[in-house]
Amino acid sequence: PDELSIYQAVPVPEKNKPISVAAKLEAPDMLNEALLSLVIKRPVLFKESIVSANHQFLNPLAAQVFVELAKEDLDQFSFGNFAKKFDSEKSFDMEFIYLKSQALWDGFEDEELKTEFTGIFNKLKQKTIHSRLADIGYEMRAAEAAGDKTKIADLATKFNKLTDELAGIHNYQISKS
C-alpha cells in the first residue's frame, strides 16, 4: 500500500462560507509623519514650503494635508478646526501626528525646525529617486533585451537627470554639515 494514508486529511473551506479578514497592517511612514509633525507644530513657519513643495515626494495623507494647509490662514491656524476637515481615519492619524509634534519638537527654535524640515524633505526625495532609479534599471534591462535603442536612450536620459538631482541633494547636505 502507499504511504499517503499517514497524512491527515485537511478540510477544505466551503466556497460560500465567509472568510475572516485580518486587519491590514502597514508599516508607518516615519519620514512623512515626521515632516507632518514639523508642519503641524508651527504651520506659519512653513507657509512657503507648504505651497511650493512637490507632492510627488509625499504620501497621500501628507499631500492632502499640504493641499488643505495651503488653503488655510496659517496666522490664525487652529489644529482642532483643521483636523475636522478629514474623515475619521485620517483625523485619528492627524491627532497622532499632532501629539508627536508636541513631544518630538518641544524646545526647538524656528531655525532648527526649518533645518529639520529641509533634511526630512530631502530624505523623502532621495527615497523616491532611489525607487525610480531601480525601476529604470529594470526597464533598461527589458529595453536592452528587446533591442529598443530609442527606449534605451530615453531611459538613459531619465537616469542621468535623476542621478543629477540626487547629487544635488547630496551636495546640499554636505554644504550644510
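Check the entry above for the structure.
Heads up: these notes are all about the structure in this document. Given the structure is predicted, the values throughout are model-derived calculations rather than measurements. (Residues numbered from 1 in each chain as written. Predicted model: local features only at pLDDT ≥ 70, side-chain atom pairs only at ≥ 80, totals over all residues. Heavy atoms only, no water.)

### Here we look at the overall build of the protein
- Looking only at helices and strands, the protein has 7 helices and 0 strands in total.
- N-terminal to C-terminal, the α/β element order of the protein is α-α-α-α-α-α-α.
- Of all 177 residues assigned to the protein, the portion counted as buried reaches 30%.
- Taking as baseline every contact in the protein between residues at least 6 positions apart, the subset at least 24 positions apart corresponds to 70%.
- On the protein, roughly 12400 Å² of surface is accessible, and the fraction owed to carbon and sulfur atoms is 55%. (Helix = DSSP H or I, 4+ residues; strand = E, 2+ residues; numbered from the N terminus. Buried < 20%, exposed > 50% of the residue type's maximum accessible area, 1.4 Å probe, protein only. Contact = heavy atoms within 4.5 Å. Areas by Shrake-Rupley, 256 points an atom, 1.4 Å probe, with all protein chains shown as cover.)

### Points about the packing of helix α1 (residues 30-41) against helix α6 (residues 110-146)
- Running from N to C, α1 and α6 point in directions that differ by 150°, and their axes come no closer than 10 Å. Between α1 and α6, the interaxial angle falls into the category roughly antiparallel. In the packing of α1 onto α6, the handedness of the crossing is left-handed. Taken together, the residues of α6 that come into contact with α1 (itself represented by L31, N32, A34, L35, L38, V39 and K41) are L113, E116, F117, I120, F121, K123, L124 and K127.
- Of the residues assigned to the contact of α1 with α6, the class counts are 10 nonpolar, 1 polar and 4 charged. (Axes fitted to C-alpha atoms, helices over the stretch in contact; angles between N-to-C directions. Parallel < 35°, antiparallel > 145°, perpendicular 65-115°, else oblique. Left-handed = near helix turned anticlockwise from the far one by under 90°. Nonpolar A, V, L, I, M, F, W, Y, C, P; charged D, E, K, R; others polar.)

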